[in-house]
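The chain contents come next:
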Amino acid sequence: MTRDEIFEKVQAAVEDALGVDADEITEEARLTADLGAESIDFLDITFKHEQEFGFKIQQGELFPDAGAQDPDMVQDGKLTPKAIESLESRLPDLSLVEFKQDPKVTKLADQFTVGVLVGFVERKLASEAPATA
């Protein structure tokens, strides 16, 4: 599946979950700030991706757990450097350059774009594809 095909399916899932027009859903569009997603919408988007692409997304695999209490990951309401490093390795399309200056957990959702979703699906499909001999 090409990136364009994945984008079209992600776009349809986001359109259905958020009730926004397809032309608003670009790779650069931020799920919360630009498209109005709320925390419950992240669950709906995850579920729609599982249905559309036929894979299971583990809790916290795509969108980090909002209530994370692990002191190695969250301290004083902010993500630790370890948590940021983990996110960057799991989601290389997630740009955290500005976020790192004030890594409040409450601001993390603002960093997720449609392009992050597309990249996640791309990598997930590639990792679950059967190896060819």
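Located above this text is the structure these notes cover.
Residues numbered from 1 in each chain as written. Predicted model: local features only at pLDDT ≥ 70, side-chain atom pairs only at ≥ 80, totals over all residues. Heavy atoms only, no water.

Asker: Explain the packing of helix α1 (residues 3–18) against helix α4 (residues 114–128) to me, please; I cannot follow it from the model alone.
Answerer: Think of two packed helices as two axes; the pair is described by the angle between the axes and how far apart they sit. Between α1 and α4, whose axes approach to 9 Å, the crossing angle comes to 125°. It follows from the interaxial angle that α1 and α4 lie oblique. Considering the relative orientation of α1 and α4, their crossing is right-handed. Contacts between α1 and α4 involve Arg 3, Ile 6, Phe 7, Val 10 and Val 14 from the former and Val 114, Gly 115, Leu 117, Val 118, Gly 119, Val 121, Glu 122 and Leu 125 from the latter. Classifying every residue of the contact of α1 with α4 gives nine nonpolar, two polar and two charged. (Axes fitted to C-alpha atoms, helices over the stretch in contact; angles between N-to-C directions. Helix = DSSP H or I, 4+ residues; strand = E, 2+ residues; numbered from the N terminus. Parallel < 35°, antiparallel > 145°, perpendicular 65-115°, else oblique. Left-handed = near helix turned anticlockwise from the far one by under 90°. Contact = heavy atoms within 4.5 Å. Nonpolar A, V, L, I, M, F, W, Y, C, P; charged D, E, K, R; others polar.)

Asker: What is the right way to look at helix α2 (residues 39–53) in this model?
Answerer: Residues spaced three or four apart along an α-helix face the same direction, because each turn holds 3.6 residues. In this model, α2 (15 residues) spans 22 Å end to end at C-alpha, consistent with the 21 Å of a helix rising 1.5 Å per residue. Along α2, the positions that sit buried rather than exposed are Asp 41, Phe 42, Ile 45, Thr 46, Lys 48, His 49, Glu 50 and Phe 53. (Expected span 1.5 Å × (residues − 1). Buried < 20%, exposed > 50% of the residue type's maximum accessible area, 1.4 Å probe, protein only.)

Asker: Sorry, what's going on with the side chain of Asp 41 here?
Answerer: You can see Asp 41 is positioned in helix α2. Here Asp 41 is buried and forms no salt bridge, its nearest opposite-charge partner Lys 48 lying at an N-O distance of 9.2 Å. Ignoring sequence-local partners within four residues, the contact set of Asp 41 consists of Ala 17, Leu 18 and Gly 36. (Lys, Arg positive; Asp, Glu negative; His and termini not counted. Salt bridge = Lys/Arg side-chain N within 4 Å of Asp/Glu carboxyl O.)

Asker: I keep staring at the nonpolar core and nothing clicks. Help me out?
Answerer: In globular proteins that are soluble, nonpolar side chains generally tend to be buried together. Formed by 36 residues in total, the largest nonpolar core has its most connected members in Val 10, Leu 31, Leu 35, Leu 79, Phe 112, Val 114 and Leu 117. Broken down by secondary-structure element, the contributors of at least two residues to this core are α1, α2, α3 (81–90) and α4. Excluding residues that lie within four positions of it along the chain, Phe 112 makes contacts with Ala 29, Arg 30, Leu 31, Phe 42, Leu 62, Phe 63, Pro 64, Leu 91 and Leu 94. (Core = buried A, V, L, I, M, F, W, Y, C linked by side-chain atoms within 4.5 Å.)

Asker: What am I meant to see in a negative patch on the surface here?
Answerer: The grouping of Glu 15, Asp 21, Asp 23 and Glu 24 at the surface amounts to a negative patch. Its place among the elements puts Asp 21 in the loop between α1 and α2. (Patch = residues over 30% accessible without salt bridge, like charges linked within 9 Å, V, L, I, M, F, W, Y side chains within 5 Å. Areas by Shrake-Rupley, 256 points an atom, 1.4 Å probe, with all protein chains shown as cover. Charge placed at Lys NZ, Arg CZ, Asp CG, Glu CD.)

Asker: I'm lost on unusual backbone geometry in this one. Help?
Answerer: Negative phi values dominate among residues other than glycine, just as trans dominates among peptide bonds. Residues other than glycine seldom take positive phi values, yet Asp 76 does so here, at roughly 55°. Within the secondary structure layout, Asp 76 lies in the loop between β1 (74–75) and β2 (78–79).

Asker: I would appreciate a short explanation of the packing of α1 against α2 in the present structure.
Answerer: Relative to each other, α1 and α2 sit at 140°, their axes nearing to 9 Å. In terms of orientation, α1 lies oblique with respect to α2. Crossing hand, α1 versus α2: right-handed. Residues Ile 6, Lys 9, Val 10, Ala 13, Asp 16, Ala 17 and Leu 18 of α1 lie in contact with α2, whose contacting residues are Asp 41, Asp 44, Ile 45, Lys 48, His 49, Glu 52 and Phe 53. For the contact of α1 with α2, the residue count by class is seven nonpolar, one polar and six charged.

Asker: Please explain the pattern of salt bridges as it appears in this structure.
Answerer: Close approach of charged atoms allows side chains of opposite charge to pair. In the structure shown here, the tally under the stated rule is 15 salt bridges. Across the salt bridge formed by Lys 48 and Asp 44, the nearest N and O atoms sit 3.5 Å from each other. Placement of both Lys 48 and Asp 44 in helix α2 is noted, with a separation of four residues, approximately one turn of the helix. Lys 48 gets classed as buried once you look at its relative accessible area, which sits at 16%. Each of Lys 78, Asp 102, Lys 104 and Lys 107 takes part in a single network of salt bridges with overlapping partners.

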